[in-house]
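# What the coordinates show
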Amino acid sequence: MQKLLKALFKLIKIALIAVAALFVIYFWNLDQKLMGWAYKQINAMFDRKKVDVVF
């Protein structure tokens with residue numbers, strides 16, 4: 001019984017940490033900030049490449 005309670009408390013602790021992390025990401029809009037940074041990096045990478053123009 002004690003092993004079951006320890007496992008249950010560990011599971012609850014992990015779930016609370018995950019919910020807290022997701023709340024922080026949502027609250028500070030970190031996912032959008034990360035995607036904005038990634039788009040800037042990708043655009044900078046592709047803006048440097050030469051474009052083959054065929055007429």
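Because the structure is predicted, anything quoted here is derived from the model rather than measured. (Residues numbered from 1 in each chain as written. Predicted model: local features only at pLDDT ≥ 70, side-chain atom pairs only at ≥ 80, totals over all residues. Heavy atoms only, no water.)

### Observations regarding the overall build of the protein chain
When you go through the protein chain residue by residue, the secondary structure sums to two helices and zero strands. In terms of C-alpha radius of gyration, the protein chain reaches 22 Å, well past the compact-globule figure of 10 Å for 55 residues. When the backbone C-alpha atoms are referred to their principal axes, the protein chain occupies close to 75 × 20 × 15 Å. For the protein chain, the accessible surface area stands at approximately 6000 Å², while carbon and sulfur atoms represent 72% of it. (Helix = DSSP H or I, 4+ residues; strand = E, 2+ residues; numbered from the N terminus. Rg over C-alpha atoms; globule rule 2.2 N^0.38 Å. Areas by Shrake-Rupley, 256 points an atom, 1.4 Å probe, with all protein chains shown as cover.)

### With respect to the packing of aromatic side chains
A full pass over the atoms with the stated rule returns two aromatic pairs. Taking the centre distance of 5.9 Å and the plane angle of 70 degrees together, the rings of F27 and W28 count as edge-to-face. Classification of F27 by relative accessible area gives exposed; the value is 55%. Residue classification places W28 among the partly exposed positions, given a relative accessible area of 48%. Here the aromatic cluster, defined as three or more aromatic residues joined through ring pairs, consists of F23, F27 and W28. (Phe/Tyr/Trp six-rings, centres within 6.5 Å; stacked < 30°, edge-to-face > 60°. Buried < 20%, exposed > 50% of the residue type's maximum accessible area, 1.4 Å probe, protein only.)

### Quick word on unusual backbone geometry
Positive phi values are uncommon outside glycine, yet N29 reaches one of about 60 degrees. Overall, the relative accessible area of 39% leaves N29 in the partly exposed class.

### Quick word on helix α1 (residues 2-27)
Owing to its 3.6 residues per turn, the α-helix aligns residues three or four sequence positions apart on the same side. If you check α1, its first and last C-alpha atoms are 37 Å apart, about what 26 residues at 1.5 Å a residue would give, namely 38 Å. Of all 26 residues in α1, zero are buried, a share of ten percent or less. Backbone geometry just after α1 places N29 at a positive phi near 60 degrees. (Expected span 1.5 Å × (residues − 1).)

In short, the description is geometric, and any link to function would need to be established separately.
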